[in-house]
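This is what each chain is made of:
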Amino acid sequence: MVCLVMSLIGCTQKHDHKGKTPLVEVGRKFLYQEDLQAALPLNLSADDSVLFAEHYIRIWVEDALLFEKAEDNVRDDEKVKALVESYHKALVMHTYQEELVRQQLVAEITPAEVENYYESNKSLFVLEKPLVKGLFIKVPLKSPGLADVRRWYKRNTQDAIEKLEKYSLRNAVTYDYFYDQWRHLEEIEAMIPAKNWETGSNYLKQHRDVELKDTAFHYFLHIEEFQGKGEQKPLDFAQEEIKEILINLKRVDFVNRVKEDLYRQASDKDRIIYYYLNSDE
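This structure is a prediction, so every number in the text was calculated from the model and none was measured.

**Concerning the sheet that holds strand β4 (residues 174–184)**
In sheet architecture, strand pairing relies on hydrogen bonds along the backbone and comes in two forms, parallel and antiparallel.
Now for step 1: A sheet is described by the order of its strands in space; here four strands give the open sequence β4-β3-β6-β5, paired in antiparallel fashion. Edge strands, defined here as strands with exactly one partner in the open sheet, are β4 and β5 (209–213). Across the sheet, the axes of successive neighbouring strands diverge by a mean angle of 15°, strand direction being ignored.
Now for step 2: The pairing of strand β3 (residues 131–140) with strand β6 (residues 217–227) spans 10 bridges and is antiparallel. In the sheet register, L131 faces β6, and the bridge partner there is Q227.
Now for step 3: Against the sheet, helix α7 (residues 158–171) engages β3 and β4, with an angle of about 40° to β3.

**What to know about the packing of helix α4 (residues 77–108) against helix α10 (residues 235–268)**
Now for step 1: Here α4 crosses α10 at 115°, and the two axes come no closer than 10 Å. Between α4 and α10, the angle falls in the class roughly perpendicular. Considering how the two elements wind past one another, α4 and α10 form a crossing that is right-handed. Contacts from Q97, E98, L100, V101, R102, Q104, L105, V106 and E108 of α4 reach α10 at E244, I247, K250, R251, F254, V255, R257, V258 and K259.
Now for step 2: Partitioned by chemical class, the residues of the contact of α4 with α10 number eight nonpolar, two polar and eight charged.

**Structural notes on the environment of T21**
Now for step 1: When you line up the elements, T21 lands in the loop between α1 (2–13) and β1 (22–26).
Now for step 2: Take T21: its relative accessible area is 33%, and that puts it in the partly exposed class.
Now for step 3: Counting along the chain gives 189 residues from T21 to V210, while the straight-line C-alpha distance between them is 51 Å.

**Concerning the nonpolar core**
Now for step 1: Of all hydrophobic cores here, the largest spans 15 residues; its most connected members are F125, I242, L246 and F254.
Now for step 2: At seven residues, α10 tops the list of elements feeding residues into this core.
Now for step 3: The residues touching F125, leaving out its near neighbours within four places in the chain, are Y117, Y118, E231, Q232, K233, A238, E241, I242 and I245.

**Let's talk about the side chain of K233**
Now for step 1: Along the chain, the position of K233 falls in the loop between β6 and α10.
Now for step 2: With residues up to four places along the chain from it excluded, the contact list for K233 reads Y118, F125, V126, L127, A238 and E241.

**Considering the pattern of salt bridges**
Now for step 1: One pass over the full model with this rule turns up 21 salt bridges.
Now for step 2: A salt bridge links R257 to E108, with the nearest nitrogen and oxygen atoms 3.7 Å apart. Pair noted here: R257 is in helix α10 and E108 is in helix α4, with a separation of 149 residues, a long-range link.
Now for step 3: Of the residues examined, R257 reaches a relative accessible area of 40% and is grouped as partly exposed.

**Re α7**
Now for step 1: The terminal C-alpha atoms of α7, which comprises 14 residues, lie 20 Å apart, in line with the 20 Å expected from a rise of 1.5 Å per residue.
Now for step 2: When we look at burial in α7, the residues that qualify are A160, I161, L164, Y167, S168 and N171. The arc enclosing the buried residues of α7, seen along the axis, measures out at 130°, which places them on a common side. Away from the buried face of α7 by more than 90 degrees, exposed residues Q158, K166, L169 and R170 are located.
Now for step 3: Looking at the buried residues of α7, the elements they touch are β3, α6 (146–152) and β4.

Rules used in this analysis
Residues numbered from 1 in each chain as written. Predicted model: local features only at pLDDT ≥ 70, side-chain atom pairs only at ≥ 80, totals over all residues. Heavy atoms only, no water. Pairing = 2+ DSSP bridges. Helix = DSSP H or I, 4+ residues; strand = E, 2+ residues; numbered from the N terminus. Axes fitted to C-alpha atoms, helices over the stretch in contact; angles between N-to-C directions. Contact = heavy atoms within 4.5 Å. Parallel < 35°, antiparallel > 145°, perpendicular 65-115°, else oblique. Left-handed = near helix turned anticlockwise from the far one by under 90°. Nonpolar A, V, L, I, M, F, W, Y, C, P; charged D, E, K, R; others polar. Buried < 20%, exposed > 50% of the residue type's maximum accessible area, 1.4 Å probe, protein only. Core = buried A, V, L, I, M, F, W, Y, C linked by side-chain atoms within 4.5 Å. Salt bridge = Lys/Arg side-chain N within 4 Å of Asp/Glu carboxyl O. Expected span 1.5 Å × (residues − 1). Arc of directions from axis to C-beta.

In structure tokens, the structure reads:
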């Protein structure tokens, strides 16, 4: 028995796993711990993680066995190779086209074009969730200088923000400055314990400064700008979405232009040879 185990270990050691940890082997094909870890969904409980791992390994083994059996029984290997080559060709062209689109077409879209599309299609840009701009700070209950924090967090001035930032370096558990970008209100609500969050979006339309506390922390939230559900998406929030729309609208024409340019360049350099045009038959 010992010899058999040593023999198996010896066989495994002959395979270069490139630093990875093998979990299962089927016909010299390996499933590695690193691959399983990459597939594992986030935030699973310990029990759910075990169930997922067992299911994932079982599916991998079944697929490996089916592929092994298929390789032994599929005789028309040339047909398979042709399909693989066709797929590889399509995948390479698609990848290249996407790179061209990102590198060149995106650069062609101007802020004025984005704004014109936004103004002409406002019905497309309606908020499904409230958005806010502002500032949030969370500090321990017995932090020093709370009276100063109460003054600073309400004021959108350079002086107040600089003082609050310096204060947060020493005292804050969380400091989130978002005057310069829209955030979904639910992201901010998630920073505050649910039992203490009694304001909600309707409250924040009228009250832009919120202070809450629990047994451990003070929570200070200032809302500088607010856009409610059903209202117009702000242009600076919708601009990336608009760029994607414009890219998709221009994609076909752009790719066709690239193909025509390549054809013209190849023709000018006599790189295209039409044998059927030179045939005497």
